[in-house]
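Structure at a glance
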Amino acid sequence: MSERTALAELANFIGRSALISEDMDARNRVLAGMTGRMLPRRRGVGDLLGVVMALSARTRRMVQEPVHIDIDVFAPGGKRALRMSFGKR
């Protein structure tokens, strides 16, 4: 796409947001929906259990010994094509 086409499309852009509606009730419904998604929601027992299990798993991983991973990839001719190391040496 050329710059000229993109600029022409931008010049012809018409905003279609419900917030520009003349109807105040329609704007209020849109705003209520937006703020409702941003407000914190009430959490249940399942959410609390999920948080506890995630913290437990994270704690177990922190006390384990670190793992070192070396990956060597060789080309068909036998030369090393790639070497990646994860972790401290």
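The following refers to the structure shown.

Each value, and the rule that gives it
- Residues numbered from 1 in each chain as written.
- Predicted model: local features only at pLDDT ≥ 70, side-chain atom pairs only at ≥ 80, totals over all residues.
- Heavy atoms only, no water.
- Helix = DSSP H or I, 4+ residues; strand = E, 2+ residues; numbered from the N terminus.
- Rg over C-alpha atoms; globule rule 2.2 N^0.38 Å.
- Buried < 20%, exposed > 50% of the residue type's maximum accessible area, 1.4 Å probe, protein only.
- Contact = heavy atoms within 4.5 Å.
- Areas by Shrake-Rupley, 256 points an atom, 1.4 Å probe, with all protein chains shown as cover.
- Lys, Arg positive; Asp, Glu negative; His and termini not counted.
- Charge placed at Lys NZ, Arg CZ, Asp CG, Glu CD.
- Pairing = 2+ DSSP bridges.
- Expected span 1.5 Å × (residues − 1).
- Polar contact = N/O pair within 3.5 Å; in protein donor to acceptor, adjacent residues only side chain to side chain.

Some words on the overall build of the protein chain
Helix and strand counts for the protein chain stand at three helices and two strands. Listing the helices and strands of the protein chain from first to last along the sequence gives α-α-α-β-β. Relative to a compact globule of 89 residues, whose C-alpha radius of gyration would be 12 Å, the protein chain shows 28 Å and is clearly more extended. If you line up the protein chain on its principal axes, its C-alpha atoms span 70 × 55 × 20 Å. Within the protein chain, the fraction of its 89 residues that count as buried is 2%. In the protein chain, the proportion of contacts linking residues at least 24 apart, taken out of those at least 6 apart, comes to 0%. If you sum the accessible surface of the protein chain, you get close to 8,700 Å²; carbon and sulfur atoms cover 61% of it. A distance of 9 Å separates the average location of the 16 positive side-chain charges in the protein chain from that of its 9 negative side-chain charges.

Here we look at the pairing of strand S1 (residues 69-74)
By the bridge criterion, six bridges tie S1 to strand S2 (residues 80-86) in an arrangement that is antiparallel. Residue pairing for S2: Asp72 is matched across the bridge by Arg83. Connecting S1 to the antiparallel partner S2 that follows it, the hairpin turn spans five residues, and Gly78 within it adopts a positive phi of roughly 100°.

Notes on helix H2 (residues 24-38)
One turn of the α-helix equals 3.6 residues, which is why residues spaced by three or four share an orientation. With 15 residues, H2 should cover 21 Å at 1.5 Å per step; its first-to-last C-alpha distance of 21 Å lies within 8% of that length. The N-capping residue of H2, defined by a side-chain oxygen 3.3 Å from the backbone nitrogen of Asp25, is Asp23.

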